[in-house]
Amino acid sequence: MGHGNASKYPWGPDDVCPGGLILPILDERLWPIKVRIVVYLFTLLYFLLGISIVADVFMTAIDKITSHTKKVYLAKELNSNGSDVSLRPDQPEVIEVRIWNPTIANLTLMALGTSSPEILLSIIETVGHHFEARKLGPNIIVGSAAFNLLIITSLCTLSLGLNEKRRIHDLKVFLVIGAFSFFAYIWLLLIIEVISPNVIELWEAAATFLLFPILMFFAYATDKNWCGKSTEHNTHQLDLDLDQNETKKQLILNNGKIDKENLIKFVKNVKKYSGITDAEAAKLAATKLIDSTHRGAMWYRIGAVRRLTGGKQIEPILEDHLRQIYDVIKQNGEKGYDTLSNKPPTFSQNDETKYAIIEFHAPTIAVKENIGKFPVTIWRHGNLNTKAIVRVDSINGTAKEGEDFVKVKEIVEFKENEEEKEIFVEILDDIKWEPDEEFFLRMSVIHHKELPVKLGCISIMEVTIIDNDEPGIISFGKRGLLVKESTGFVEVPIIRTHGSDSEVSVKWKTIDESAISGRDYVGGEGEIIFKDKEVAKILRIEIINDMCPEKDECFEIKLFETTGGAKIGNVNRIAITISSDDDFDSVVDRLMLLTNINIHALELHRQTWAEQIKTAMTVNGGDLTNATTLTYVFHFFSFFWKVIFAFIPPAAVFSGWLRFFTSLTLIGVMATIIGDLATIFGCLIGLDDAVTAITIVALGMSLPDILGACMVTRAETHADEAMIHIAGSIAVKVLMGVGLPWFIAALYHYLHGNLFEIPSNRIGFNVLLYSVMAILAVTVLMVRRNVEFFGKAELGGPMKGRYITVAILISLWVVENLGSRSSSDLILKSLHYLCFWIDVKPVACETDGYI
């Protein structure tokens, strides 16, 4: 089977499968083979989940390290002609720029972060087995490289929406890194099969390992355009964009803090939409800030792992009405609304198009005691394209069910596009005198997965039983109201007294005083209609928050011209005083605090152990509002790993380096156990280590890369982050994952006067086959880049072109996997395994040493 010697025990016969560096820890010889297979399979999958989580921790340390900045002092002054810019040392402007070059960071720490499990597994496997060559580690490297280049590229192409495409912006860097990764595999083929067949000499291993710093040098030179024509980059740094036209569009000050002026400008734009609170405006500001910040492939990979584990999300999650507003602002830029109509659309939670909003037509009605049955109107708005069901129940007040009214317990169903329904309530008349009494109607939602329904503001109605048959007197409930400028709107009560018979109406209009319509509030005029038995209405006036410190201002609202026989009461005018918030600076400071809180909640790492443990132990990092059933399931399975790794030192300790080395050590331990699990599992089901490596282990370790690559492809405007990271990780895996352990082993054997031998285990042929597939894959990508049929882009484009590309890449991957080992041998092993599992002809199944 090629698994080495069988496991040794102090007593009894040897085990059928070899032992690893750590496993087995129990005597498993008497366990049924099927039980061992199941146990090892699920344990292997669970440890693959765990190593993804600890790799996430490792990469947050890398993010902390690579985010270190230095201050650059500049001074700008326009010349008299207003065109040129000169620098003056007496007027410094401080900006913060990253110390790490993005390309070098991608190729060193970031690529190491995504490839660390495979690299450490290869190193530990070699060192742990007396510095002898092994199959699992190198074949995982080859299998993972093929999977990344062919399968992940295919999935990135399919992940884009219709008519979307992504083109590599910095082609030179991609070609340099791609060429090095290809040359690395050719070099492996030469030293294994040509220069010194089946023997790795010390200089060969040293040259393999030294190719990594050489790659970094050439990538850095290409990124800095030391040769060739300069290429424009989208520079991302923690400062204001140095472009004069873009400076005012940012929310980040040159010291990395939020700029008050730009924050006020953004919030004023957001406040054009009615019903937006300060907390919601701060959440939108934080979302805009995060979206405008450059995020590399590593950031998206961390997000993918946290989605898989039910952890704290690193992307802003906005409610439906906030998402609508943000999409409009994002689409229309600084204007944020339709420039043709010049009128900002109204969004609020009650206007969500996803839900059917159901409520009573009025908060209060009054009826005569001898009315008998009377209708109550229930109306629906929002989503009208679906059915909706609610329940209406009566609640006793001073009026009691059975004595004053008949109990109400009714199901109300709205059909599609039906806006109003009526239910009938019956009042019981008696012969004795009694004062006015009231009871209540309460509405509740009948939850149904396929019927998205929400209750509106008026979900409870008060019903007053009176002895009155007059149309009534209409007036304001108060003579004056005080409202803060930041509240967004004022609700003015209009009441109908001394009667509620028949339908009546009254007109209203606003009158400017010190507050001006259009500047301080949205004024105008209109009509309020009271239906039969309705006795209270609410007039809502929008207040404009101009975010400027000013004195208190006021305006008036006047009632006039009634219909239906109603009269105007004495309180026919009301004064609305708009009070400026107590302290303008405190308002802005509060907005900045709320914005910073939202940003802090989405940081990759926590600052203290307590925060880490609390985040690890709660579903979705504590954000239960946006947690789904699937999130709870993922959290349940990953809870153990998340809590264990929460005790790793926070990134704030020693600038992230202690977290870096601690998590790297744990990745090594996890990789060792995974290597043992994969080896024993492969032995139990009759698969060679090479086959196990390039299938189960390679796929399991690549799953976070798949999700991260698809996310970064959809989010970024170019394909650089996805494609350069794929090419870079391939190069790092082979140069570090194969070069470093072979160099250590070759040095060990050299010092002991031996040769480091590579047994004939088809690694050379696997490398040759992968190299051919890689050439064909890159050729396909370059053809896509230059042919209109494919959209002239490496990823996305027309659907037919996508399907053809994906079919080619997947075919190359299948050929690479089948060709990397004897297909007949694979089929034979599969048949033996199937035969064994279903207990058919057990004697035949035990032949050839497979079981």
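Refer to the preceding data block for the structure.
Computed from a prediction, not measured in an experiment: that's the story for all the values here.

K.L.:
Where do I start with the state of the cysteines in this structure?
P.N.:
By definition, a disulfide links two cysteine residues through a covalent bond between their sulfur atoms. For the structure on display, the rule yields 1 disulfide. In this model, Cys17 is linked to Cys683 through a disulfide, with the two sulfur atoms separated by 1.9 Å. Because the torsion about its S-S bond is -90 degrees, the bridge between Cys17 and Cys683 counts as left-handed. Of the two residues, Cys17 sits in the segment before α1 (33-66) while Cys683 sits in helix α13 (residues 657-685), which places them 666 residues apart along the sequence. Each member of the pair, Cys17 as well as Cys683, is classed as buried.

K.L.:
Is there a simple way to think about the sheet that holds strand β14 (residues 453-455) in this case?
P.N.:
The strands making up a sheet associate through backbone hydrogen bonding, with each pair oriented either parallel or antiparallel. Strands sit in the order β12-β9-β7-β14 across an open sheet of 4 strands; the sheet is mixed. Strands with a single pairing partner mark the edges of an open sheet, and in this sheet they are β12 (420-426) and β14. Taken pair by pair, the neighbouring strands of this sheet meet at an average axis angle of 30 degrees, ignoring direction. Bridge count between strand β7 (residues 356-360) and strand β9 (residues 373-382): 5 bridges; the pairing is antiparallel. Across the sheet, Ile357 pairs through a bridge with His381, a residue of β9.

K.L.:
Whenever I open this one, the sheet that holds strand β10 (residues 388-395) confuses me. Can you help?
P.N.:
Strand order in the open sheet formed by 5 strands is β8-β15-β13-β10-β11, with mixed pairing between adjacent strands. Two strands in the sheet have a free side with no partner beyond their single neighbour: β8 (364-368) and β11 (409-414). Geometrically, the sheet is characterised by an average inter-axis angle of 25 degrees between neighbouring strands, direction not taken into account. Note: strand β13 (residues 437-445) against strand β15 (residues 460-466), 6 bridges, orientation antiparallel. Bridge pairing links Arg442 to Ile460 in β15.

K.L.:
Hey, could you run me through helix α11 (residues 609-617) in this one?
P.N.:
Because each turn of an α-helix spans 3.6 residues, side chains separated by three or four positions in sequence point in the same direction. Taken residue by residue, α11 has Gln612, Thr615 and Ala616 as its buried positions. Seen end-on, α11 carries its buried residues on one side only, within an arc spanning 100 degrees. More than 90 degrees from the buried face of α11, the exposed residues found are Ala610 and Lys614. Tucked inside the fold, the buried residues of α11 contact α12 (629-645) and α13.

K.L.:
Hey, could you run me through the packing of aromatic side chains in this one?
P.N.:
The description of an aromatic ring pair rests on the distance of the ring centres and on the angle between the ring planes. One pass over the structure, following the stated rule, counts 18 aromatic pairs. Measuring from centroid to centroid gives 6.2 Å for Trp187 and Trp203, while their planes differ by 70 degrees, and the two rings are edge-to-face. Here Trp187 is found in helix α4 (residues 171-195), whereas its partner Trp203 is found in helix α5 (residues 202-223), with 16 residues between them in sequence. Consider the rings of Trp742 and Phe756, whose centres lie 6.4 Å apart with planes at 70 degrees: the pair is edge-to-face. With Trp742 in helix α16 (residues 739-751) and Phe756 in strand β25 (residues 756-757), this pair connects stretches of sequence that are 14 residues apart. Taken together, Tyr46, Phe47, Phe640, Trp641 and Phe645 form an aromatic cluster joined through their ring pairs. The ring of Tyr355 is capped by Lys454, whose NZ or CZ atom sits 4.3 Å from the centre of that ring. When the ring centre of Phe560 is taken as reference, the NZ or CZ atom of Lys509 above it lies at 5.6 Å.

Calculation criteria
- Residues numbered from 1 in each chain as written.
- Predicted model: local features only at pLDDT ≥ 70, side-chain atom pairs only at ≥ 80, totals over all residues.
- Heavy atoms only, no water.
- Disulfide = S-S within 2.5 Å.
- Helix = DSSP H or I, 4+ residues; strand = E, 2+ residues; numbered from the N terminus.
- Buried < 20%, exposed > 50% of the residue type's maximum accessible area, 1.4 Å probe, protein only.
- Pairing = 2+ DSSP bridges.
- Axes fitted to C-alpha atoms, helices over the stretch in contact; angles between N-to-C directions.
- Arc of directions from axis to C-beta.
- Contact = heavy atoms within 4.5 Å.
- Phe/Tyr/Trp six-rings, centres within 6.5 Å; stacked < 30°, edge-to-face > 60°.
- Lys NZ or Arg CZ within 6 Å of the ring centre and 35° of its normal.

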